[in-house]
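Here is what each chain is made of, one letter per residue.
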Amino acid sequence: MTLISQNKMFGGVQSVYEHRSAACDCDMRVAVYLPPGSRLGLCPTLVWLSGLTCTEENFSLKAGAQRAAAQLGLILIAPDTSPRGADIPDDAAYDFGKGAGFYLNARQEPWAKNFQMESYIRDELTAWMLANLPVDPERIGISGHSMGGHGAISLHLKNPQLYKTCSAFAPITSPTQVPWGQKAFKGYLGADEQTWQAYDCTHLVKTAPSRAHILIDQGTDDNFLDVQLKPEIFKTACAEFGQSLNLRLQDGYDHSYFFIASFIEDHLKHHSAHL
């Protein structure tokens, strides 16, 4: 691991590391916040997955999560949203290619070589965390925003033994039914819509609901709410198939990090209480 930057913050340390990823066949960056208590032993850990166009920096610079994390003794891990580098394929659109990995394992060329984000987050990043940081392997949660909310909930539902807790801000919970998800899945996975279901939270909760209590915050003034997000579809599926869910509609909030910063402490406390 290569240390890119390091700053003391609320008695802990905010760092950015770079490491070689075998899954994505490129260098990947990860932002890490270690609370003061991490010097004393293993800590509970929250993996944060960011949304479209973001890098590993957005959460650590904009969410304002470190103060509460320091008080709760919670490690924060924020990886990048996709592979990066001059040799990595890209697309001119903001919602596909670099910055838009969708936390899946691509099957279509030219994306399949590098866009293996599910394997990277679930397997490689977890191994990296456990080998290099004071992470308690039995106390890991996952959260995210928008595209990252889709990644967080789908990874949790498929790996509840790894990610014990789950929350999300404005997640894409029914990607097979909205334009963002349909475009990404067709491009990365191909035209066979049966393969898309492995990354659709609403489908996953119907087949394997978890024992965790999922917390979702959604702003009512989110400009993507009605077309791209449609949380009511996921809420209905959770109620029907026994998934514990608290979907909070926050009046007047939008899709930005101003929204995330307003409620991030609630989410950190949610994870801390159950980890």
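Attention here is on the structure that accompanies the text. (Residues numbered from 1 in each chain as written. Predicted model: local features only at pLDDT ≥ 70, side-chain atom pairs only at ≥ 80, totals over all residues. Heavy atoms only, no water.)

## With respect to the overall build of the protein chain
The cut-off we apply is this: The secondary structure listing takes helices from DSSP runs of H or I that are at least 4 residues long and strands from runs of E that are at least 2 residues long, numbered from the N terminus. Within these notes, the globule rule equals 2.2 Å times the number of residues to the 0.38 power, and the radius of gyration is based on C-alpha atoms. Whether two residues are in contact is decided by their heavy atoms, any of which lying within 4.5 Å being enough. Counted as positive: Lys and Arg. Counted as negative: Asp and Glu. His and the chain ends are not counted at all. Taken as the charge location is NZ of Lys, CZ of Arg, CG of Asp or CD of Glu.
Helices and strands together make up the secondary structure of the protein chain, namely 9 helices and 9 strands. Here the C-alpha radius of gyration of the protein chain, 17 Å, is about what a compact globule of 275 residues would show, namely 19 Å. A separation of at least 24 residues holds for 71% of the contacts in the protein chain among residues at least 6 apart in sequence. Charge separation in the protein chain, taken as the distance between the mean sites of 22 positive and 29 negative side-chain charges, equals 5 Å.

## What to know about the pairing of strand E4 (residues 43–49)
Heads up, the rule is: The classification of residues rests on relative accessible area computed with a 1.4 Å probe and restricted to protein chains. Under 20% of the type maximum is buried, over 50% is exposed, and intermediate values are partly exposed. At least two bridges found by DSSP between two strands is the condition for calling them paired.
Extensive coverage of E4 is indicated by the burial of 7 of its 7 residues. As judged from the 6 bridges shared by E4 and strand E6 (residues 135–144), these two strands associate in the parallel manner. Paired with Cys 43 across the two strands is Val 135, which belongs to E6.

## Re the nonpolar core
The line we're drawing: For our purposes a nonpolar core is just a set of buried Ala, Val, Leu, Ile, Met, Phe, Trp, Tyr and Cys residues, chained together by side-chain atoms within 4.5 Å.
With 83 residues, the main nonpolar core has Phe 102 and Tyr 188 as its most contacted residues. With near-sequence residues (within four places) excluded, Tyr 188 lies in contact with Phe 96, Gly 97, Ala 100, Gly 101, Phe 102, Leu 104, Ala 106, Arg 107, Gln 108, Trp 111 and Phe 115.

## Here's the deal with the environment of Asp 266
For Asp 266, the position within the fold is in helix H9 (residues 257–274). For the pair Asp 266 and Ala 68, spaced 198 residues apart in sequence, the C-alpha separation works out to 9.4 Å. Once residues within four sequence positions are removed from consideration, Asp 266 is found in contact with Leu 215 and Arg 248.

## As for empty space enclosed by the protein
Filter applied, for reference: The pocket and cavity definitions rest on a 1 Å grid over protein atoms only: a 1.4 Å probe that fits but cannot leave marks a cavity, an open set with protein on both sides within 12 Å along at least five of seven lines marks a pocket, and residues lining either have an atom within 4 Å of a point. Grid points are joined across faces, edges and corners, and a volume is the space filled by probe spheres set on the points. Gly falls in the polar group here, along with every residue not listed as nonpolar (Ala, Val, Leu, Ile, Met, Phe, Trp, Tyr, Cys, Pro) or charged (Asp, Glu, Lys, Arg).
On inspection of all chains with the given rule, the structure shows 2 cavities of 30 Å³ or more. Size it by volume and the largest cavity reaches roughly 50 Å³. If you go around the largest cavity, the residues you meet are Gln 14, Ala 31, Val 32, Tyr 33, Phe 59, Ser 60, Ala 65, Gln 66, Leu 76 and Ala 78. Looking at the lining of the largest cavity element by element, the count peaks at 3 residues for strand E3 (residues 26–34). Class assignment for the residues of the lining of the largest cavity results in 7 nonpolar, 3 polar and no charged.

## Concerning the environment of Cys 201
Note that Cys 201 resides in helix H6 (residues 201–207). Of the residues examined, Cys 201 reaches a relative accessible area of 0% and is grouped as buried. Sequence separation of Cys 201 and His 156 is 45 residues, and the distance between their C-alpha atoms is 9.6 Å. Among residues more than four places away in sequence, those in contact with Cys 201 are His 150, Ile 153, Ser 154, Leu 157, Ile 172, Thr 173, Pro 175 and Phe 234.

## Some remarks on the packing of aromatic side chains
To be explicit about the condition: Here a pair means two rings of Phe, Tyr or Trp (six-membered ring of Trp) with centres within 6.5 Å. Their orientation is stacked below 30 degrees between planes, edge-to-face above 60, and tilted elsewhere.
Following the criterion strictly, the structure yields 15 aromatic pairs and no others. For the ring pair Tyr 17 and Trp 128, a centre distance of 5.9 Å and an interplane angle of 65° mean the geometry is edge-to-face. With Tyr 17 in strand E2 (residues 12–21) and Trp 128 in helix H3 (residues 117–132), this residue pair connects regions lying 111 residues apart in the sequence. Across the pair, Trp 128 and Tyr 17 agree in class, each one buried. Each ring, one from Tyr 253 and one from Phe 263, has its centre 4.9 Å from the other, and the planes form 70°; the classification is edge-to-face.

## Some points on the side chain of His 255
To keep things clear, this is the line we draw: Two N or O atoms count as a polar contact when they lie within 3.5 Å, although within protein this holds only if one can serve as hydrogen donor and the other as acceptor, and sequence-adjacent residues are included solely when both atoms are side-chain atoms.
Secondary-structure assignment places His 255 in the loop between strand E9 (245–250) and H9. Only 2.9 Å separates the side chain of His 255 from the side chain of Ser 146, close enough to count as a polar contact. A polar side-chain atom of His 255 sits 2.5 Å from a polar atom in the side chain of Asp 222. The contact partners of His 255, leaving out residues within four places of it in the chain, are His 145, Ser 146, Ala 170, Asp 222, Asn 223, Phe 224 and Leu 229.

## Details of the sheet that holds strand E7 (residues 165–169)
Put simply, the rule is: Every axis corresponds to a line fitted to the C-alpha atoms, with the helix fit spanning only the stretch in contact, and the corresponding angles, defined between N-to-C directions, vary from 0 to 180 degrees.
In space, the 9 strands of this open sheet follow the order E1-E2-E3-E5-E4-E6-E7-E8-E9, with mixed pairing throughout. Each of the sheet's edge strands pairs with one partner strand only, and the pair in question is strand E1 (2–9) and E9. Averaged over all neighbouring strand pairs, the angle between strand axes comes to 20°, with direction disregarded. With respect to the sheet, H9 is in contact with E4, strand E5 (75–79), E6, E7, strand E8 (214–219) and E9, its orientation differing from that of E7 by roughly 170°.

Remember, this is a structural readout, not a statement about activity or role.
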